[in-house]
Amino acid sequence: MEGTTVVPSVAAVCDVTASRLPGARRSQGERRGWDRGPGPAPLEVRTAGLGDPLVRPLLEGLAHEYRDVLGHPAEAVSRELTEHPPSDFEAPTGCLLLLLDRGEPVAGGAYRRFDGPGPAGVAVAELKRVWTAPSHRRRGLARRVLAELEQRAATAGYERVHLTTGVHQHAAQALYLTLGYARGQELLPGPGTSPVVAFGKALPAHDLARVPSGPRG
């Protein structure tokens, strides 16, 4: 399964719109010749399978983050990244997507059908593998990945999204809170030595599809 969506940058759209307005004034940078180039290339949103070579930077980046930044043991990192089969992240119940900048993966994430405890009769998607390349952080890419995953999950028939993050990953927790996620009260066992905390969010109602039913834990 592979699909591609071209997402123009907000800055590029605003620049083009402003340049077409009657009597629009050029910026100081334009007057000095700083902005004579074509502008930033739009990012591509591409779905992929776990075996796609383009997914390798995402998996290697996550392994480095878990092992060298968060201090998880190597065996715990391997278990975390291989505990779910590739089919979990494929349609109709899953998805893995990448943001590509000039063909290079710079961010990505995935969802699968959540098989943990939850409200009876509610279809819940679990967000996994959310990653941004270190050299491309502070561009709002994590927000774009989450928004894309939420939209696709809602279209697939999910009613809620669920995720977990490390108890010491304060920046990630702050991001989820600003995006409307509710933080769970209990700490849960994590893949390493530190616990994790759960976040959840309701998705807008969608009638295009229904998630296939299956056993829940």
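Structure: above.
The following refers to the structure shown. (Residues numbered from 1 in each chain as written. Predicted model: local features only at pLDDT ≥ 70, side-chain atom pairs only at ≥ 80, totals over all residues. Heavy atoms only, no water.)

1. Re the overall build of the protein chain
Of the regular secondary structure elements, the protein chain holds six helices and eight strands. For the protein chain, the N- to C-terminal ordering of α and β elements is β-α-α-β-α-α-β-β-β-α-β-α-β-β. In the protein chain, the share of contacts with a sequence separation of at least 24, taken over all contacts with a separation of at least 6, comes to 68%. Counting every atom, the protein chain has about 12,500 Å² of accessible surface; 54% of that belongs to carbon and sulfur. (Helix = DSSP H or I, 4+ residues; strand = E, 2+ residues; numbered from the N terminus. Contact = heavy atoms within 4.5 Å. Areas by Shrake-Rupley, 256 points an atom, 1.4 Å probe, with all protein chains shown as cover.)

2. Quick look at the packing of helix H3 (residues 56–69) against helix H4 (residues 74–82)
Where H3 contacts H4, the axes come no closer than 10 Å and their chain directions differ by 140°. Here H3 is positioned oblique relative to H4, judged by the angle of their axes. Considering how the two elements wind past one another, H3 and H4 form a crossing that is right-handed. Counting all contacts with H3, which are made through Leu59, Leu62, Ala63, Tyr66 and Arg67, the residues of H4 involved are Val77, Glu80 and Leu81. Taken together, the residues that form the contact of H3 with H4 break down as six nonpolar, no polar and two charged. (Axes fitted to C-alpha atoms, helices over the stretch in contact; angles between N-to-C directions. Parallel < 35°, antiparallel > 145°, perpendicular 65-115°, else oblique. Left-handed = near helix turned anticlockwise from the far one by under 90°. Nonpolar A, V, L, I, M, F, W, Y, C, P; charged D, E, K, R; others polar.)

3. A short note on the nonpolar core
Counting residues in hydrophobic clusters, the biggest one holds 28 residues, and the most contacted among them are Leu99, Tyr111, Leu127, Tyr158 and Tyr181. When contributions to this core are tallied by element, the ones reaching two or more residues are strand E2 (43–47), strand E3 (95–101), strand E4 (104–113), strand E5 (124–132), helix H5 (141–155), strand E6 (160–166), helix H6 (170–178) and strand E8 (196–202). At six residues, H5 tops the list of elements feeding residues into this core. Each residue touching Tyr181, except ones within four places of it in the same chain, is listed here: Leu127, Leu146, Glu150, Val161, Leu163, Tyr176, Phe199, Gly200 and Lys201. Counting 15 residues, the second-largest nonpolar core is a separate cluster that includes Val55, Leu62, Ala63 and Leu100. (Core = buried A, V, L, I, M, F, W, Y, C linked by side-chain atoms within 4.5 Å. Buried < 20%, exposed > 50% of the residue type's maximum accessible area, 1.4 Å probe, protein only.)

4. Focus on the pairing of E3
Of all seven residues in E3, seven are buried; the element is thus mostly enclosed. Burial along E3 is two-sided: Cys95, Leu97, Leu99 and Asp101 facing one way and Leu96, Leu98 and Leu100 facing the other are all buried. In this sheet, E4 lies alongside E3 in antiparallel orientation, the contact comprising seven bridges. Across the sheet, Asp101 pairs through a bridge with Glu104, a residue of E4. Here E3 hands over to E4 after two residues, with Arg102 in that stretch at a positive phi of 55°. (Pairing = 2+ DSSP bridges.)

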